[in-house]
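Residue-level listing of the chains:
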Amino acid sequence: MQWGSFGIVHISTLVIAAALIVGGYFLLRILPERVRYFSILALSFSGIVAIVYNLIAWDSPLEYLPFHMCSILAIMLPITVLTRSRYMGNLLLVWCLGSLLALIINHASGHFIIPSAAFFIYYIPHVFEFGVVIYLFKFGYVKKDYKCIPVTVGATVVIYTIVHLINVALTRYVE
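Residues numbered from 1 in each chain as written. Predicted model: local features only at pLDDT ≥ 70, side-chain atom pairs only at ≥ 80, totals over all residues. Heavy atoms only, no water.

Examining the overall build of the protein chain
Part 1 of the reasoning: On a plain count of helices and strands, the protein chain comes out with seven helices and zero strands.
Part 2 of the reasoning: When its helices and strands are written in sequence order, the protein chain yields α-α-α-α-α-α-α.
Part 3 of the reasoning: For a compact globule of 175 residues, the expected C-alpha radius of gyration is about 16 Å, and the protein chain comes in at 17 Å, within 12% of that figure.
Part 4 of the reasoning: Dimensions of the protein chain, computed from the C-alpha atoms along their principal axes, are close to 50 × 40 × 30 Å.
Part 5 of the reasoning: Every one of the 175 residues in the protein chain was classed for burial, and the buried ones make up 41%.
Part 6 of the reasoning: The long-range share in the protein chain, meaning contacts at least 24 apart out of those at least 6 apart in sequence, stands at 77%.
Part 7 of the reasoning: Summed over all atoms, the accessible surface of the protein chain reaches about 9800 Å², with 73% contributed by carbon and sulfur.
Part 8 of the reasoning: In the protein chain, which carries 10 positive and 6 negative side-chain charges, the distance between the mean positions of the two groups comes to 20 Å. (Helix = DSSP H or I, 4+ residues; strand = E, 2+ residues; numbered from the N terminus. Rg over C-alpha atoms; globule rule 2.2 N^0.38 Å. Buried < 20%, exposed > 50% of the residue type's maximum accessible area, 1.4 Å probe, protein only. Contact = heavy atoms within 4.5 Å. Areas by Shrake-Rupley, 256 points an atom, 1.4 Å probe, with all protein chains shown as cover. Lys, Arg positive; Asp, Glu negative; His and termini not counted. Charge placed at Lys NZ, Arg CZ, Asp CG, Glu CD.)

Laid out in structure tokens, this is it:
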């Protein structure tokens, strides 16, 4: 069955994503602190697994280089879990909304068939890129800090610009 956009299947996967994140929170809450932390760390690597899979599995490695915001978030997420950096955590709190939007507005991936590797390699990392950031704040590994807003805005503008320029250059190279 095709994932689609805003049909019953798509909306069902959004409900499942919410259930995974909320259920994960309640499961993590009952675990001992050390197990909770390492579980969150393990979940934070789902995006990197997807990056590696996409680079290896498809015939077009230039197309799957990690030069879009979800991939950069995926790379930064384990670093943030390990360092518990308030600047990176607050930055990712904004960026994780992009992962949520990628699940909701899935026009580029709505053609995926459920179940398929392509669907799960897209869906699972986006769910946990959003969920793990929420866990970081809910379990107190990172605190919201409004003093981080200038760094968040500045880093977002700089990284968006760099990623855009790289993508423009790659597009010209490939054509």
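There is more to say after this.
Examining the confidence of the model for the protein chain
Part 1 of the reasoning: For the protein chain, the mean per-residue pLDDT works out to 92, and 99% of the residues sit at or above 70.
Part 2 of the reasoning: No element of the protein chain has a lower mean pLDDT than helix α7 (residues 149–174), at 89, and none a higher one than helix α2 (residues 33–44), at 97. (pLDDT = per-residue confidence, 0-100.)

Things to note about the environment of F120
Part 1 of the reasoning: Its location among the elements puts F120 in helix α6 (residues 117–138).
Part 2 of the reasoning: Residue F120 is classed as partly exposed on the basis of its relative accessible area of 39%.
Part 3 of the reasoning: Sequence-wise, F120 and L14 are 106 residues apart; in three dimensions their C-alpha atoms are separated by 13 Å.
Part 4 of the reasoning: With near-sequence residues (within four places) excluded, F120 lies in contact with P115 and P125.

A word on the environment of Y64
Part 1 of the reasoning: With respect to the helices and strands, the residue Y64 is situated in the loop between α3 (46–57) and α4 (69–83).
Part 2 of the reasoning: Given a relative accessible area of 28%, Y64 falls into the partly exposed group.
Part 3 of the reasoning: In contact with Y64, other than residues within four places in its own chain, are N54, L55 and W58.

Some thoughts on the pattern of salt bridges
Close approach of charged atoms allows side chains with opposite charge to pair.
Part 1 of the reasoning: Counted by the stated rule, this structure contains two salt bridges.
Part 2 of the reasoning: Residue E33 is joined to R36 by a salt bridge in which the shortest nitrogen-to-oxygen separation is 2.8 Å. A residue pair is termed a helical-turn pair when its members lie 3 or 4 positions apart in one helix, as E33 and R36 do in helix α2 at three residues.
Part 3 of the reasoning: In this structure, the salt-bridge partner of D145 is R86, at a minimum N-O distance of 2.0 Å. With D145 in the loop between α6 and α7 and R86 in helix α5 (residues 86–104), this residue pair connects regions lying 59 residues apart in the sequence.
Part 4 of the reasoning: The partly exposed category is assigned to R86, whose relative accessible area is 35%. (Salt bridge = Lys/Arg side-chain N within 4 Å of Asp/Glu carboxyl O.)

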